[in-house]
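What follows is the residue order along each chain.
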Amino acid sequence: MYAYSEQRYYEDERRLHVVPARKRSHVVQRKVVKKVKKKKSVNPIVYLFRLTITFSLLSAFMYFVFPTCFNNLIKQYKLNIINELIDMSLDQDLIQKLFIPNIGIVISTIEANILNPVYKNNSENFKMNKKGLYAILIYLLENPLCKSIIFKKSITSDFINKYIQLFDSNIVEEKKYLKIILHRLYSKLINRRISIRKAINDYLKQSIKSNNNFNGIAEILEVTASIISGFGTPLKQEHINFFNYIIVPLFTLKKLNLYLKQLIKCSNLFLEKDHQLYIPLLKIIIENWPSHNPSKEDVLLNELKDILKYLNNDAPSSLIDKLLEIINICLAENEINIASKTLELFEVKQFMSFIKKNKNKTIIKDTLMPSINHFIFNHQSKNIRNLLTGVKKKY
């Protein structure tokens, strides 16, 4: 079993106004109860069944072309049904007596509508149809009365695979909802965790293969970071494979800047659990160094600083040679900020210790030190010249 933390996503919930039922005011809950109690002549189960079936039929209507006025009526009626279901899902008594016994109907209705291709990348349809359904699913997943066992038959591996594909969306708000729900699913449904990790693996692998579609990668990596933090040590081979074949190759994609911060978070979590993983990571970063791209270089230099903390004498000499070449390139650039960040690498004790132990090697004696001596006298920034002098004294 893996430990898992939900704390980091509460901020997103507040921003989206998705507040758990237990946090709602008693006034709102009282109003909802009164509203439902007025329908004394209607069996609650029949009422829920009628709502869900009607909603599914209305969804089917969206595949056909009707006059605009009729379409508007359908949209408004669907919105009214969603709002009514949201009100019902906020009442603990109705959750226990209505939703839990009929959870299959509820989940199948939500599934049929959020996976409807008609609504994909359409912001209006998202607000009219999906947004409320996502809120209901969040309420159910976080409700303590809804135990994980009741979702066993309705939330299947097939549902998970299709759900992950929804991250391929151009709507930012939708991806925030998807991220929160995925976090809840992994936290609540322990028996589906393997399926969730596999679906994430397949989605990211598809993005690596195409090197064209980057929708949802940042959001998925945010959830992945929480998953990685729960991995035990030593890491299982499954997790090491995920690092080697998914996390590392993601550093090579052309739109790296869209998800770089989330990717670095994931890679650092892996390094904390297995120090030797720094070798393939360092290799891929050096081989794909974004020369003369200050924004990417700035972030990657921070990552290099973290990686070098795990440097030891087992590091391949060819890898260190390439690293020192990158350092020379960064020092030679006109960006003062990049040169300053590069010199911060020499503040890492493990890196300086490695340099001192191997100071007689050709790459250090004939390449690094002459370069440092050159920039001490010729660099455009006086501050950089002073920092270089400090590095030379340490050496």
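Residues numbered from 1 in each chain as written. Predicted model: local features only at pLDDT ≥ 70, side-chain atom pairs only at ≥ 80, totals over all residues. Heavy atoms only, no water.

### As for the overall build of the protein chain
For the protein chain, the count of helices and strands is 20 helices and zero strands. Here the protein chain holds 395 residues, and the buried ones make up 51% of them. For the protein chain, restricting intrachain contacts to residue pairs at least 6 apart in sequence, the fraction spanning at least 24 positions comes to 75%. By element, 54% of the accessible surface of the protein chain is carried by carbon and sulfur atoms, the whole surface being about 19300 Å². (Helix = DSSP H or I, 4+ residues; strand = E, 2+ residues; numbered from the N terminus. Buried < 20%, exposed > 50% of the residue type's maximum accessible area, 1.4 Å probe, protein only. Contact = heavy atoms within 4.5 Å. Areas by Shrake-Rupley, 256 points an atom, 1.4 Å probe, with all protein chains shown as cover.)

### Focus on the confidence of the model for the protein chain
This prediction gives the protein chain a mean pLDDT of 82; 81% of its residues lie at or above 70. When the criterion is pLDDT under 50, residues 5-42 qualifies, and its contacts beyond four places in sequence or with other chains add up to 55 contacts. (pLDDT = per-residue confidence, 0-100.)

### Structural notes on the pattern of salt bridges
This model, assessed by the stated rule, comprises 12 salt bridges. In this structure, Arg 184 and Glu 142 form a salt bridge, with 3.8 Å as the shortest nitrogen-oxygen distance. Taken together, the residues span a long stretch of sequence, with Arg 184 in helix H9 (residues 172-188) and Glu 142 in helix H7 (residues 123-142) at a distance of 42 residues. For the pair formed by Arg 184 and Glu 142, the shared burial category is buried. Across the pair Lys 341 and Asp 298 runs a salt bridge whose closest N-O atoms are separated by 2.6 Å. A residue pair is termed long-range when its members are at least 10 positions apart, and Lys 341 in helix H17 (residues 336-343) and Asp 298 in helix H15 (residues 294-307) qualify at 43 residues. Taking the relative accessible area as the measure of exposure, Lys 341 reaches 16% and is therefore buried. (Salt bridge = Lys/Arg side-chain N within 4 Å of Asp/Glu carboxyl O.)

### Section: H15
Residues separated by three or four positions in an α-helix point in the same direction, a consequence of the helix having 3.6 residues per turn. With 14 residues, H15 should reach 20 Å at 1.5 Å per residue; the first-to-last C-alpha distance of 19 Å fits that figure. Residues Lys 296, Glu 297, Asp 298, Val 299, Leu 300, Leu 301, Glu 303, Leu 304 and Ile 307 constitute the buried set of H15. Residues of H15 that are buried sit in contact with helix H13 (260-273), helix H14 (278-287), helix H16 (317-332) and H17. (Expected span 1.5 Å × (residues − 1).)

### Considering the nonpolar core
Residues Phe 151, Tyr 163, Leu 204, Phe 251, Tyr 259 and Phe 351 are the most contacted members of the largest nonpolar core, which totals 123 residues. It is H7 that provides the largest number of residues to this core, a total of 10 residues. Leave out the neighbours within four places in its chain, and Tyr 163 touches Ile 114, Leu 115, Tyr 177, Leu 178, Ile 181, Leu 182 and Leu 185. (Core = buried A, V, L, I, M, F, W, Y, C linked by side-chain atoms within 4.5 Å.)

### A closer look at helix H8 (residues 157-165)
For H8, the complete set of buried residues consists of Phe 159, Ile 160, Tyr 163 and Ile 164. When H8 is viewed along its axis, its buried side chains cluster within an angular range of 130° and face the same direction. Its buried side turned inward, H8 meets helix H6 (103-114), H9, helix H10 (193-210) and helix H11 (217-229). (Arc of directions from axis to C-beta.)

### Regarding unusual backbone geometry
Pro 234 follows Thr 233 through a cis peptide bond whose omega is 0°. You can see Pro 234 is positioned in the loop between H11 and helix H12 (237-247). In the Ramachandran plot, Asn 211 falls in the positive-phi region, its phi being about 50° despite a non-glycine side chain. Structurally, the position occupied by Asn 211 is in the loop between H10 and H11. Relative accessible area serves as the criterion here: at 26%, Asn 211 is assigned to the partly exposed category.

### Describing the packing of H8 against H10
Contact geometry for H8 and H10: axes closest at 9 Å, N-to-C directions at 35°. At the point where H8 passes H10, the crossing takes the right-handed sense. Residues Ser 157, Ile 160, Asn 161, Ile 164 and Gln 165 of H8 lie in contact with H10, whose contacting residues are Ser 195, Ile 196, Ala 199, Ile 200, Tyr 203 and Gln 206. Of the residues contributing to the contact of H8 with H10, the split by class is six nonpolar, five polar and no charged. (Axes fitted to C-alpha atoms, helices over the stretch in contact; angles between N-to-C directions. Left-handed = near helix turned anticlockwise from the far one by under 90°. Nonpolar A, V, L, I, M, F, W, Y, C, P; charged D, E, K, R; others polar.)

### Quick notes on the packing of aromatic side chains
A ring pair, where both rings are aromatic, is described by two values, the distance of the centres and the angle of the planes. Scanning all chains against the criterion turns up nine aromatic pairs. Measuring from ring centre to ring centre gives 6.3 Å for Phe 126 and Tyr 134, while their planes differ by 40°; the resulting arrangement is tilted. Considering the side-chain rings of Phe 231 and Phe 270, the 6.2 Å spacing of their centres and the 55° angle between planes classify their relative orientation as tilted. Here Phe 270 lies in helix H13 and Phe 231 lies in the loop between H11 and H12, a separation of 39 residues in the sequence. Like Phe 270, Phe 231 is buried. Chaining the aromatic ring pairs together yields one cluster made of Phe 231, Phe 242, Phe 243 and Phe 270. (Phe/Tyr/Trp six-rings, centres within 6.5 Å; stacked < 30°, edge-to-face > 60°.)

### Re the side chain of Lys 130
Note that Lys 130 resides in helix H7. Filtering out sequence-adjacent residues up to four positions away, Lys 130 remains in contact with Asn 113, Ile 114, Tyr 119, Asn 125, Leu 166 and Glu 174.

### Points about the environment of Ile 320
Within the secondary structure, Ile 320 sits in helix H16. Under the relative-accessibility criterion, Ile 320 is labelled buried at 3%. The sequence separation of Ile 320 and Ile 364 amounts to 44 residues, and the corresponding C-alpha distance is 9.6 Å. If we ignore the near neighbours within four places in the chain, the residues touching Ile 320 are Leu 311, Ala 315 and Phe 354.

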